[in-house]
Structure formats: structure tokens, C-alpha cells
Amino acid sequence: MLFRSEELSEIEIALAAKSEAGFRKLYNHYSPFVWRVAFRTANGDQQIAKEVLQSVFISVNRSLKKFNHKSVFSSWLYKICWRESIHLVKKERNLLNKMVPLSGLEVSEENYKFSEEEVNSLLVNLTPEQRFLLVSREIEGFSFAELSEISGKKEGTLRVTINRIKSKLKREVEYER
């Protein structure tokens, strides 16, 4: 799992733009991060996740010289991954009925404990964008500022959207219990 402290340095990122070995290092470092995002957004469809992974790093390779270091590299990369994931998932709408297993995920809200199966049954009803935002915020730990930069939406809008997603999920849980 990639953590904020595990960012590559600005020098390493600059070298990635200039050499194959540098880009390979960048790819090896960030590809597990991109894979997790793509896999979750694609509802566990490995083929789409592979396409997203490939597409993201092609885009990164083309655009790396334009990276301006105003944000952390992982946020910039996440934004590219988000766009590619949503684009490819929309192209493959028939796959949205599948469910992505989130191994080891235990969600607790007040006194509720949810099993992995219960969490998955709740997430399947979300749109890819809703699932992406919720997973990015609650599992990957991105701040609203980072999500705003990634999605192009205002922080306030994201707060409301994520709050509505959580409220929807809470209503579904209360209805089922």
C-alpha cells in the first residue's frame, strides 16, 4: 500500500521523464496503487483494471514533463487514474452488476459491525463515481482537498456528495436490519 511518506522525490520523478530506467522505477513504485484504484472502480474486473493501468501509465509517460509539482505526485496520478477508470467503466456498463470483494474490510458505524459480504452488498448499488469517491475518502484516506483536485469538483460539493452516499448506505442498513 502506498502511503504519503512513500512518495518518490521530485528528482526521481524528473528522471522518470527522461529515462526508461527512471520511468520503470516510477511504474514499479506506483503501479500497485493504480491497480487498487482501477480494480475497485471496475468492480473487480481484471481486464478493465489492466486496461486502466496501461492507459494511465501511457498518459503519465506522455504528460510527465508537464507535471508541475504543485501537488504531490500521487494526487496527480490518482486524478489520471480516476478519469481513465470512470471512462472505461462507463464503456463497459454491463460489467457494473459484478461485485468487487474488498478483502479484510470491516466497516463500523456507531455500534454496527459489518461483514465483508454486507459491505460488498451495499457497495454494489453505488455508481462507479460514488464508489470511487467513498473508497478514496474512507479507505485510501484522501482529503477533500485532494479529492477536489482529482475530480475537479469543489470540496463542499464532495463533502455533501459523500455525506449523501453515507446517508444512503445507512438507510439501506437500517432497512435491512
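Because the structure is predicted, anything quoted here is derived from the model rather than measured. Here the residue numbers are simple positions, counted from 1 along each chain's written sequence. This being a predicted model, a pLDDT of at least 70 is required before a residue's local features are given, and a value of 80 or more before pairs of side-chain atoms are given or counted; all residues contribute to the totals for chains, interfaces and linings. To get the side-chain values, all heavy atoms of the structure are used, and hydrogens and water are removed first.

Q: Run through the overall build of the chain, naming residues and quoting values.
A: Secondary structure elements follow DSSP: runs of H or I of four or more residues count as helices, runs of E of two or more count as strands, with numbering from the N terminus. A tally of regular secondary structure across the chain gives 8 helices and 2 strands. In the chain, the order of α-helices and β-strands from amino to carboxyl end is α-α-α-α-β-β-α-α-α-α. In the chain, which comprises 177 residues, the proportion classed as buried is 44%. Note on areas: Shrake-Rupley, 1.4 Å probe, and residue coverage restricted to the protein chains presented here. About 10200 Å² of surface is accessible on the chain, with carbon and sulfur atoms providing 49% of the total. Burial classes follow relative accessibility: with a 1.4 Å probe on protein chains only, a residue under 20% of its type's maximum area counts as buried, one over 50% as exposed, and anything between as partly exposed.

Q: Pulling in residues and values, what's your account of helix 3 (residues 46-63)?
A: Any helix carries an expected span of 1.5 Å times its number of residues minus one. For helix 3, with 18 residues, the first-to-last C-alpha span of 25 Å sits near the 26 Å given by 1.5 Å per residue. Along helix 3, the positions that sit buried rather than exposed are Ile48, Ala49, Val52, Leu53, Val56, Phe57 and Val60. Taken end-on, helix 3 shows its buried residues confined to a sector of 160°, consistent with a single buried face. Exposed residues pointing more than 90 degrees away from the buried face of helix 3 are listed as Gln54 and Arg62. The arc in question is the one traced by the directions running from the helix axis out to the C-beta atoms.

Q: I'd like a description of the packing of aromatic side chains, backed by residues and values.
A: Each aromatic pair joins two rings of Phe, Tyr and Trp (for Trp, the six-membered one) with centres within 6.5 Å, and gets the label stacked for planes under 30 degrees apart, edge-to-face for over 60, and tilted for any other angle. Under the defined criterion, the tally for this structure stands at 12 aromatic pairs. Consider the rings of Phe23 and Phe57, whose centres lie 6.3 Å apart with planes at 80°: the pair is edge-to-face. Placement of the pair is Phe23 in helix 2 (residues 20-41) and Phe57 in helix 3, with a sequence separation of 34 residues. Exposure class is identical for Phe23 and Phe57. Each is buried. In textbook terms, an aromatic cluster arises when at least three aromatic residues are bridged by ring pairs, as seen for Phe33, Tyr78, Trp82, Phe132 and Phe142.

Q: Provide a residue-level description of the packing of helix 2 against helix 3, including the pertinent values.
A: Axis definition: a line fitted to C-alpha atoms, limited for helices to the stretch in contact. Angles are taken between N-to-C directions and run from 0 to 180 degrees. For the pair helix 2 and helix 3, the least separation of the axes is 9 Å and the interaxial angle reads 140°. It follows that helix 2 is oblique to helix 3 by the angle criterion. Crossing angle aside, the handedness with which helix 2 passes helix 3 is right-handed. Contact residues: helix 2 offers Phe23, Leu26, Tyr27, Tyr30, Ser31, Val34, Trp35, Ala38 and Phe39, while helix 3 offers Gln46, Ala49, Lys50, Val52, Leu53, Val56, Phe57, Val60 and Asn61. Side-chain classes are defined by residue name, with Ala, Val, Leu, Ile, Met, Phe, Trp, Tyr, Cys and Pro counting as nonpolar, Asp, Glu, Lys and Arg as charged, and the others, Gly among them, as polar. A per-class count over the contact of helix 2 with helix 3 returns 14 nonpolar, 3 polar and 1 charged. Angular relationships are summarised with four words: roughly parallel below 35 degrees, roughly antiparallel beyond 145, roughly perpendicular across 65 to 115, and oblique for the angles in between. If you view the pair so one helix is near and one far, a crossing is left-handed when the near helix is turned anticlockwise from the far one by less than a right angle, and right-handed when it is turned clockwise. Note on contacts: a residue pair is in contact if any heavy atoms of the two residues lie within 4.5 Å.

Q: Before we move on, could you go through the nonpolar core and cite the residues and values that matter?
A: Here, nonpolar core refers to any group of buried Ala, Val, Leu, Ile, Met, Phe, Trp, Tyr and Cys residues whose side-chain atoms link them within 4.5 Å. Core analysis: the biggest nonpolar cluster contains 47 residues, and Leu26, Val56, Val60 and Phe73 have the highest contact counts within it. Elements with a contribution of two residues or more to this core: helix 1 (10-18), helix 2, helix 3, helix 4 (73-91), helix 5 (116-123), helix 6 (128-138), helix 7 (144-151) and helix 8 (155-176). Once residues within four sequence positions are removed from consideration, Val56 is found in contact with Val34, Leu77, Ile80, Cys81 and Glu84.

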